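Residue-level structure breakdown
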Amino acid sequence: MHRLHYLLGLLGIASLAGCGGSDINQPSGPNLSGNGISIVLGAQTKGTAAFSPNPLTLSLATSGVVRWSNDDQGGGAYGSGGVTHNITADDGSFSSGNLAPGSTYEATFGVAGTYGYHCSIHPTMTGTVIVTP
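Not measured: the values here are computed from a predicted model. Residue numbers restart at each chain and count upward from 1, following the sequence in its written direction. Reporting of local features is limited, given that this is a predicted model, to residues whose pLDDT is at least 70; pairs of side-chain atoms are given and counted only at 80 or more, and all residues count toward the totals for whole chains, interfaces and linings. Side-chain numbers come from the whole structure's heavy atoms, not from hydrogens or water.

The next point concerns the nonpolar core. Put simply, a nonpolar core is a bunch of buried Ala, Val, Leu, Ile, Met, Phe, Trp, Tyr and Cys residues held in one set by side-chain atoms that sit within 4.5 Å of each other. Buried means the residue's accessible area, taken with a 1.4 Å probe over protein chains only, is under 20% of the maximum for its type, while exposed means over 50%, and partly exposed covers the values in between. Grouped together as the largest cluster of nonpolar side chains are 23 residues, with contacts concentrated most on Phe51, Trp68, Phe94, Phe109 and Val129. Only runs of H or I of at least four residues qualify as helices and only runs of E of at least two qualify as strands under DSSP, and these elements are numbered from the N terminus. Broken down by element, the residue count for this core peaks at three residues, all from strand β7 (residues 113–119). Note on contacts: a residue pair qualifies if any of its non-hydrogen atoms lie within 4.5 Å across the two residues. The contact partners of Phe94, leaving out residues within four places of it in the chain, are Trp68, Ile87, Thr88, Ala89, Tyr105, Ala107, Phe109 and Tyr117.

Strand order in the open sheet made by the four strands is β3-β8-β7-β5, with mixed pairing throughout. The open sheet is flanked by β3 (56–59) and β5 (87–89), the only strands paired with a single partner. Along the sheet, successive strands turn relative to each other by an average axial angle of 30°, direction set aside. When β7 meets strand β8 (residues 126–132), the two strands line up antiparallel, connected through six bridges. The residue bridging Thr114 from the neighbouring strand is Ile130, located in β8. Each pair of strands is called paired provided DSSP finds at least two bridges between the two strands. Angles shown run from 0 to 180 degrees and are taken between the N-to-C directions of axes, each axis being a line fitted to C-alpha atoms and, for helices, limited to the stretch in contact.

Here's what the structure looks like:
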């Protein structure tokens, strides 16, 4: 009888050991480089929180390339296919064109400065890229 209790106890411990450990690979959001910006789910209603991170600060010494990823897809209130956005510089110096859900757009910044941008489809979505030397 003691052996049965002992075995059941070991089985219980073994089954719990597989739960919740820190070595389990859980999805952690979009796979973006250090210069990546995610357009978040439901972005069209979030203003400056539509982009993550916002602002993005990058150094020309490491790379002047920024990649926006349209992660506003699936499961949202606006349909399961996601939402199209259009990343446009406030000064008109770059534009992604219509960026479908799951798509990316890259822009290269060659001069230090502060660059404002917005979604031309949803103009309340605004962001900033800060480029340092």
